[in-house]
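Listed below, chain by chain, are the residues.
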Amino acid sequence: MEIPAGAAALEVIRLDPRQFHPWGPISGGTTVTLWTGAEATETLALLEALPPGNRARCFVPTWGLRAHDAELNHLYDVIPCFSCNLALLTGPAVPEHLSRGYGFDRKSPAAKALLSRLRAAEEIPPVVPAGRMRALPQPVLDLPGGWLLRPWEPSDAPALIASGLDPDIQHWNRTGRFTEGRAEKRITRYRRNWEAEKSAIWAVAPAAGGPAVGLIGLADLDLAGGSGEILYWLLPAGRGSGLMVPATETVTRWAFDDLGLHRIRITHSVANPASCAVATKAGYPLEGTMRGALLHRDGWHDEHLHARLRTDSPV
């Protein structure tokens, strides 16, 4: 397909058949995006590569491409109809011999690639692009009072074993019991899940060095949707120090500012007021109660749902 030279940008327009005037320039519709640079160049190349084909006369297109020069002056419109294999070229920069309908082969690789590109332009982009988390090293995050958050190490296996024996942790969490081998595998999984962008789990530990006394992190990550859930627990050695509120605030800031999430939630049993206090003090307002949401050892528990948005005011 021969098209005029000079285009530097392509405005992608989703057409409304009720407003579009057949055989005229683009009318009605909604601009989806503006392609420049490689996106525009590659799309123009696909248009030029459309091979001739038999055309029909229905012409009810759903896409339009409005070409502009580098100063965004309108040059011409390309309106392909993938139902009848017909593309219309019209506009001020179109010479007379090109101002006509062009029949193309919609089953050709160029036509399929063009249609796929147009459909993708309308998709909702991911909140956090795939690969962003993997590209970041898991940071060490400072906490007040001589504590920090750091990645789990193989030497922290005793802390996981202790968590499986602690009645309070076991009452409110579903971590289960740990042998030394299972604890080491879990720590390996924490590191692999970071690479796989499934979760971000830190050990709560003394800044001066020493064994982990707790866990905090983001699980159930949905990077495309921009959400995750904070989970946490502390062994007796870390309790009573007010650690978990600043730890939650710190992970929250990292998740919003560095990772780019939009919404983070905290859930806990309604019978666990300590977790409720942590969530509230860390700036997670209560949104509601989820009935019979989690099975504990003593039966089904209703769960409180707390959440923060990236756009919420700082605590």
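Structure shown above.
In this convention, every chain numbers its residues from 1, walking through the sequence in written order. Under the rules for a predicted model, residues below a pLDDT of 70 receive no local features and side-chain atom pairs below 80 are neither given nor counted, while totals for whole chains, interfaces and linings still include all residues. As a convention, hydrogens and water are excluded, and side-chain values are obtained from all of the structure's heavy atoms.

1. A word on the overall build of the chain
Thinking step 1. When helices and strands are tallied, the chain shows 8 helices and 14 strands.
Thinking step 2. Radius of gyration here is computed from C-alpha atoms only, and the compact-globule reference equals 2.2 Å multiplied by the residue count raised to the power 0.38. Here the C-alpha radius of gyration of the chain, 28 Å, is well above what a compact globule of 315 residues would show, namely 20 Å.
Thinking step 3. When its C-alpha atoms are laid out on the principal axes, the chain stretches across 85 × 40 × 35 Å.
Thinking step 4. Burial status across the chain gives 48% buried among its 315 residues.
Thinking step 5. The criterion used for residue contact is that any of the two residues' heavy atoms lie within 4.5 Å. Considering only contacts within the chain whose residues lie at least 6 apart along the sequence, 61% involve residues at least 24 apart.
Thinking step 6. Taken as a whole, the chain presents about 15700 Å² of accessible surface, with 54% of it coming from carbon and sulfur. Only DSSP runs of H or I reaching four residues or more are called helices, and only runs of E reaching two or more are called strands; each is numbered from the N terminus. Using a 1.4 Å probe on the protein chains alone, a residue whose accessible area is under 20% of its type maximum counts as buried, one over 50% counts as exposed, and one in between counts as partly exposed. Using the Shrake-Rupley algorithm and a 1.4 Å probe, accessible areas are obtained, with residue cover drawn only from the displayed protein chains.

2. Considering the nonpolar core
Thinking step 1. By nonpolar core is meant a set of buried Ala, Val, Leu, Ile, Met, Phe, Trp, Tyr and Cys residues that side-chain atoms within 4.5 Å join together. In terms of nonpolar packing, the biggest core is built from 34 residues, with Leu149, Trp202, Ile216, Leu218, Ile230, Trp254 and Leu261 touching the most fellow members.
Thinking step 2. Only strand E7 (141-143), strand E8 (147-151), strand E9 (200-206), strand E10 (214-222), strand E11 (227-234), helix H7 (244-259), strand E12 (263-269) and helix H8 (273-281) provide two or more residues apiece to this core.
Thinking step 3. It is H7 that contributes the most residues to this core, 8 residues altogether.
Thinking step 4. Leave out the neighbours within four places in its chain, and Leu261 touches Val128, Leu218, Leu221, Leu223, Gly226, Ser227, Gly228, Ala255, Phe256 and Arg310.
Thinking step 5. In this structure, Leu10, Leu115, Leu118 and Ala121 belong to the second largest nonpolar core, which totals 29 residues.

3. Quick notes on the packing of aromatic side chains
Thinking step 1. Only Phe, Tyr and Trp rings are paired, with Trp represented by its six-membered ring, and only when their centres lie within 6.5 Å; those with planes under 30 degrees apart are stacked, over 60 edge-to-face, the remainder tilted. Inspection of every chain in the model, using the stated rule, returns 6 aromatic pairs.
Thinking step 2. When the centroid spacing of 5.7 Å and the interplanar angle of 75 degrees are considered together, the rings of Phe82 and Phe104 count as edge-to-face. Placement of Phe82 in the loop between strand E4 (74-81) and strand E5 (86-90) and of Phe104 in the loop between strand E6 (101-103) and helix H2 (109-122) is noted, with a sequence separation of 22 residues between them. Summarising the burial analysis for this pair, Phe82 and Phe104 share the class buried.

4. Overview of the sheet that holds E9
Thinking step 1. Being paired, for any two strands, means DSSP has found at least two bridges between them. On the basis of which strands lie adjacent, the open sheet formed by 8 strands has the order E7-E8-E9-E10-E11-E12-E14-E13 and mixed pairing. Edge positions in the sheet fall to E7 and strand E13 (286-296), since each of these pairs with one other strand and no more. Each adjacent strand pair in this sheet contributes to an overall mean axis angle of 30 degrees, direction not counted.
Thinking step 2. Pairing of E11 with E12, which is carried by 3 bridges, proceeds in the parallel orientation. A fitted line through C-alpha atoms serves as each axis, taken over the contacting stretch for helices, and the angle formed by two N-to-C directions is quoted from 0 to 180°.

5. Re unusual backbone geometry
The phi torsion of most residues other than glycine is negative, and most of the peptide bonds are trans.
Thinking step 1. The phi dihedral of Leu72 falls on the positive side, at around 65 degrees, and the residue is not glycine.
Thinking step 2. With respect to the element layout, Leu72 can be found in the loop between strand E3 (63-68) and E4.
Thinking step 3. According to the relative accessible area criterion, Leu72 is partly exposed, its value standing at 48%.

6. Details of the packing of helix H4 (residues 157-165) against helix H6 (residues 180-195)
Thinking step 1. One way to put it is that H4 packs onto H6 with a least axis distance of 9 Å and a crossing angle of 115 degrees. Classified by the angle their axes make, H4 and H6 are roughly perpendicular. As H4 runs across H6, the sense of the crossing is right-handed. Contacts from Ala157, Leu160 and Ile161 of H4 reach H6 at Glu180, Ala183, Glu184, Arg186, Ile187 and Tyr190. Angle categories: roughly parallel below 35 degrees, roughly antiparallel above 145, roughly perpendicular from 65 to 115, and oblique for all the rest. Handedness of a crossing follows from how the near helix is turned relative to the far one, being left-handed for an anticlockwise turn of less than a right angle and right-handed for a clockwise one.

7. Quick notes on the sheet that holds E6
Thinking step 1. Sheet architecture is open: 6 strands sit in the order E2-E1-E3-E4-E5-E6, paired in antiparallel fashion. Edge positions in the open sheet fall to strand E2 (30-36) and E6, since each of these has one partner strand only. Within the sheet, the average angular offset between the axes of one strand and its neighbour, ignoring direction, is 20 degrees.
Thinking step 2. Here helix H1 (residues 37-49) sits on the sheet and contacts strand E1 (9-14), E2, E3 and E4; the angle it forms with E2, its principal contact strand, is near 100 degrees.
Thinking step 3. Across the sheet, H2 is in contact with E1, E2 and E3; its angle to E2 comes to roughly 115 degrees.

8. With respect to the pairing of E11
The side chains of a regular strand alternate, first on one face of the sheet and then on the other.
Thinking step 1. Across the 8 residues that make up E11, a large majority, 7, are buried.
Thinking step 2. Two strands pair when backbone bridges link them, and E10 and E11 are joined in this way by 7 bridges, in the antiparallel orientation. Across the sheet, Leu215 pairs through a bridge with Trp233, a residue of E11.
Thinking step 3. Once E10 ends, the chain turns through 4 residues before running back antiparallel as E11, passing Gly226 with a positive phi of about 80 degrees.
Thinking step 4. Note on handedness: a clockwise path from strand one over the helix to strand two, with the strands aimed away from the viewer, defines a right-handed crossover. Where the polypeptide runs from E11 across H7 and back to E12, its parallel neighbour, the crossover connection is right-handed.

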